[in-house]
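What follows is each chain in one-letter form.
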Amino acid sequence: MGYTEERGPKVQILLVEDETKVGNALSAGLQAEGYEIVWAQTGEEGFFHASSQSFDLILLDVMLPGRDGIEVLDTLRKHGNKTPVLLLTAKDAIEDRVLGLDTGADDYLVKPFAFAELSARIRALMRRNQQEPPASLTVGQLEIDPTRRSVTREGQRIELTAREFELLEYLARHHGRIVSRDMLARDVWREGSRATPLDNVIDVHIARLRKKIDDPFAIKLLHTVRGVGFTFSEDAS
Amino acid sequence: MSGFMRTTLRSRLTILYASLLAAALLLYAGGVSSFFLHNLHKQLDSSLDRDVETVEGVLSTDPGGALTISAHDGEAGHGERDHGYLLEVWSLDGKLLYRCEGLNGQTLGPVPVSAVSARQSPHSLQLPSGMRVRAISRVHHMGKNNAVIVRLAVNEHPLWEEFWEMVSLLAIGLPVTVILVAITGYLVAGRALKPVDAMAQRALHITAEQLNERIHIENTNDELGQLGAAFNTTLARLERSFEQLRRFTADASHELRTPLTAIKSVGEVSLSMPGDVNYYRDTIGSMLEEANRLTHLVDSLLTMARADAGSIQLHRTGVNLYELAKEACALLDVLAEEKQQDIRVEGDIFVAVLADRTILRQAVVNLVHNAVKFSPVNGLVRIVVGESGKDAVIEVHDSGPGIPAEHRAHIFERFYRVDRARARAVGGAGLGLSIAQWAVNIHGGAIEVESAPGGGSIFRLRIPKSV
């Protein structure tokens, strides 16, 4: 998708992940998004890199051979290292999350996760110290005014329900990137549990939204990426 | 005590009974002995009483004031020796008038100082020579102004001999009885406990593979029969849950295999076929869809596993059930709209319970989701909130085909489906109702199902109003 930071040097990410396939896929995916990746396959190696070099973000797997992620994180924080850490964990019991966040992690992601979601979380962490996104959003000729909750396309006003508006706003804020159904369920529907099956509900809302914002126009903005989710972009691919 | 507890029940029972018997017998023997001793003394005392009168009869004083023992003297003296009688006669002013030879100069008590203290009922005393005697002391009047103190004693030796004979008889008989009873008791206990042994042997041989075996019960009324029956009931329950587990494992592996098979075959087929970018994109997308299906399945299974382990803690707050039902409706009404269904929430808007909102919401969402899924196009889904006795009730009425009676008992089982062929088309893994049931059960409530074929179904969710 060719995502790069607008200015300044590339964002440097340390990836600590022992699983070769996952590590390869994440490195390739994040490099394609314009990040610079250092990949460590053990906790010791990860700790060595983290303490000898400065990173913008550390992606830390919890289940590592030898020294596990929590231990590495704990040591880093005790040494005064304040680099943001995103934990990747296969354990999603509340206690595990609390333990991770207590140890000093900035966020966590439960495996298996959609790459789109990882990418969104990384951007969110990188954005933390930057200014809020602009008040008005424009994608193509579609304009969204979050304060007045109004949508216009090619000058035509489009009436949306509250849920449709939130959905569109979320998609527009992530425009050009893939948004998974899990992300929508959590961030738009605010459904905490992954066990609640919302996929049908989301699909119906997407279909309705598409009918209102895309059907009357030649250029389609809302695309389905099969097996992954949706993307909001002028570019059909 | 712990050492005692380590022995077999049989020996413990025997030891207990034998000790109880020994204690009872000891108590009895003690009672009998003291009663016997008391009687012996009484006999001796009454004969002593008689004898002192006889002795008094032969006492007289000659005109000079000296004591004489009359013609019977010889006889009496003879009698004394025969029966071990010992005689002492004192004057009231403390002068010894007569002491028989048998005493060998020993006295039967201190020198009397007055007539009052001289009168003594039968009592035991020990002479300096070590002899134990029973003594009686009387004031004997012989004419006016003339009285003597008569002290008569008899050796207690024969009495004690008789007593100890009796005691030794008891002492020999008692342990023998106890030992005999203990042996008999041990044998009887062994016989009585034999079924326990048999049960234990049988239970040892029952494994997970042959849970259909049962313990043979000889007498259903006694304690062992009840134990056996309880054991058999447990076995039946175990068998049922093993059966459920077996079915669950089979179903779960089926559910996991289906998407895996799809991933593999889609991947293999498209690898073997030349295609353009869009074709491969589509293939990968299709594989990812199946991977998502697997993810959802594993998530649901994890939720259930955690529920089974009881590691989920309830965070109870006041939950308005009407609002909860409204919320579930708001979440799902688009699905109903797609099928032109009418979805309504009715009933009491003030019904509230103390519950974990997230968990309870999951149950309501799942039930409403099912109702929408199984109601036909243009159908009606009604959610009725109310109260019934001590319970708060949410009823979910659908206008679906109803659930045949033979399936009704199973629909809450994991992966159970009324119509397997339709299942994949309708979607979901078949865990929705199990999760709903767990969510309600954990709040102390229950889900009831009513269904008339062709007449729709009612899922009634009951939650106790007070925790």
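The structure contained in this document is the topic of the report that follows. Since the model is a prediction, treat every value here as computed from it, not as a measurement.

1. Observations concerning the overall build of chain A
For chain A, the count of helices and strands is eight helices and 12 strands. Looking at the 237 residues of chain A, the share that counts as buried comes to 49%. Expressed as a percentage of contacts within chain A between residues at least 6 apart in sequence, the contacts between residues at least 24 apart total 58%. Element-wise, carbon and sulfur atoms account for 50% of the exposed surface of chain A, whose accessible area totals about 11800 Å².

2. Digging into the pairing of strand 2 (residues 36-40) of chain A
Residue and element names in this part refer to chain A. When strand 1 (residues 12-16) meets strand 2, the two strands line up parallel, connected through five bridges. Counterpart to Val16 in the pairing with strand 2 is Ala40. In this region the chain leaves strand 1, passes through helix 1 (residues 20-32) and returns to the parallel neighbour strand 2; the handedness of that crossover is right-handed.

3. Regarding the sheet that holds strand 6 (residues 132-141) of chain B
Residue and element names in this part refer to chain B. As summarised here, the arrangement of the five strands in space is 4-3-7-6-5, forming an open sheet in which the pairing is antiparallel. The two strands at the open ends of the sheet, each matched to only one other strand, are strand 4 (96-99) and strand 5 (120-126). Geometrically, the sheet is characterised by an average inter-axis angle of 20° between neighbouring strands, direction not taken into account. Both strand 3 (residues 85-91) and strand 7 (residues 147-155) contribute to a ladder of seven bridges, which runs antiparallel. Bridge pairing in strand 7 links Ser91 to Val148.

4. A look at the packing of helix 1 of chain A against helix 5 (residues 115-127) of chain A
Residues and elements named next belong to chain A. At a closest axis distance of 11 Å, the pairing of helix 1 and helix 5 adopts a crossing angle of 55°. As judged from the angle between their axes, helix 1 and helix 5 are oblique. Crossing geometry of helix 1 relative to helix 5 is assigned as right-handed. Across the interface between the two elements, Leu26, Gly29 and Leu30 from helix 1 touch Phe115, Leu118 and Ile122 from helix 5.

5. Let's talk about the packing of aromatic side chains
Across all of its chains, the model carries five aromatic pairs over all chains by this definition. Taken together through their ring pairs, the aromatic side chains of B:Trp160, B:Phe163 and B:Trp164 make up a single cluster. We note A:Arg67 situated over the ring of A:Phe47; from NZ or CZ to the ring centre the distance is 4.7 Å. For B:Arg10, the ring lying beneath its charged end belongs to B:Tyr186, and the centroid distance is 3.9 Å.

6. Thoughts on the side chain of A:Ser150
Inspection of the secondary structure puts A:Ser150 in strand 8 (residues 150-153). Not counting residues within four places of it along the chain, the set of residues in contact with A:Ser150 comprises A:Glu143, A:Ile144, A:Asp145, A:Arg157 and A:Phe165.

7. Some points on the pairing of strand 12 (residues 391-397) of chain B
Residues and elements named next belong to chain B. Summarising burial for strand 12: seven of the seven residues are buried, a large majority. Taking every second residue as pointing to the same face, both faces of strand 12 are buried, with Asp391, Val393, Glu395 and His397 on one and Ala392, Ile394 and Val396 on the other. What sits between strand 11 (residues 380-388) and strand 12 in their antiparallel hairpin is a turn of two residues, with Gly389 showing a positive phi close to 65°. Sheet topology places strand 12 next to strand 14 (residues 457-464); seven bridges connect them, and they run antiparallel. Counted as the bridge partner of Ile394 is Leu461 from strand 14.

8. Thoughts on the pattern of salt bridges
All names here are of chain B. For the structure shown, the criterion picks out 44 salt bridges over all chains. Across the pair Glu448 and Arg460 runs a salt bridge whose closest N-O atoms are separated by 3.0 Å. Separated by 12 residues along the polypeptide, Glu448 in strand 13 (residues 446-451) and Arg460 in strand 14 bring together distant segments of the chain. Connected through shared salt-bridge partners, Asp391, Glu395, Glu448, Glu450, Arg460 and Arg462 make up one network.

9. A closer look at the interface of chain A and chain B
Tallying the contact residues gives 23 residues for chain A and 24 residues for chain B. Counting across the chain A and chain B interface gives five salt bridges. For A:Arg226, the salt bridge is made with B:Asp282, and the minimal N-O distance between the two is 3.2 Å. Taken together, chain A and chain B are joined by seven residue pairs in polar contact (both at pLDDT 80 or more).

10. A closer look at the side chain of B:Gln341
Residue and element names in this part refer to chain B. With respect to the helices, strands and loops of the structure, Gln341 is situated in the loop between helix 8 (321-338) and strand 9 (342-347). Within the structure, the side chain of Gln341 is placed 3.1 Å from the backbone oxygen of Val372, a separation counted as a polar contact. If we skip the residues at most four places from it in the chain, Gln341 touches Ala336, Val372, Ser375, Pro376, Asn378, Gly379 and Val381.

11. Points about unusual backbone geometry
All names here are of chain A. Here Lys111 and Pro112 are connected by a cis peptide whose omega angle stands at -5°. For Pro112, the location among the structural elements is in the loop between strand 5 (107-110) and helix 5. One non-glycine residue, Arg190, adopts positive backbone phi at about 50°. One can find Arg190 in the loop between helix 7 (181-187) and helix 8 (199-213).

12. Observations concerning the sheet that holds strand 13 of chain B
In a beta sheet, neighbouring strands pair by backbone hydrogen bonds and run either parallel or antiparallel. Residues and elements named next belong to chain B. Ordered in space as 9-11-12-14-13, the five strands form an open sheet in which the pairing is mixed. Edge strands, defined here as strands with exactly one partner in the open sheet, are strand 9 and strand 13. Going across the sheet, the axis of each strand differs from the next one's by a mean of 15°, ignoring polarity. Note that strand 11 and strand 12 share seven bridges and pair antiparallel. Considered in strand 12, the bridge of Ser388 is made with Asp391. Lying over the sheet, helix 12 (residues 432-441) contacts strand 13 and strand 14, oriented at roughly 130° with respect to strand 13.

Analysis parameters
- Residues numbered from 1 in each chain as written.
- Chains lettered and ligands numbered in written order.
- Predicted model: local features only at pLDDT ≥ 70, side-chain atom pairs only at ≥ 80, totals over all residues.
- Heavy atoms only, no water.
- Helix = DSSP H or I, 4+ residues; strand = E, 2+ residues; numbered from the N terminus.
- Buried < 20%, exposed > 50% of the residue type's maximum accessible area, 1.4 Å probe, protein only.
- Contact = heavy atoms within 4.5 Å.
- Areas by Shrake-Rupley, 256 points an atom, 1.4 Å probe, with all protein chains shown as cover.
- Pairing = 2+ DSSP bridges.
- Right-handed = clockwise from strand over helix to strand, strands pointing away.
- Axes fitted to C-alpha atoms, helices over the stretch in contact; angles between N-to-C directions.
- Parallel < 35°, antiparallel > 145°, perpendicular 65-115°, else oblique.
- Left-handed = near helix turned anticlockwise from the far one by under 90°.
- Phe/Tyr/Trp six-rings, centres within 6.5 Å; stacked < 30°, edge-to-face > 60°.
- Lys NZ or Arg CZ within 6 Å of the ring centre and 35° of its normal.
- Salt bridge = Lys/Arg side-chain N within 4 Å of Asp/Glu carboxyl O.
- Polar contact = N/O pair within 3.5 Å; in protein donor to acceptor, adjacent residues only side chain to side chain.

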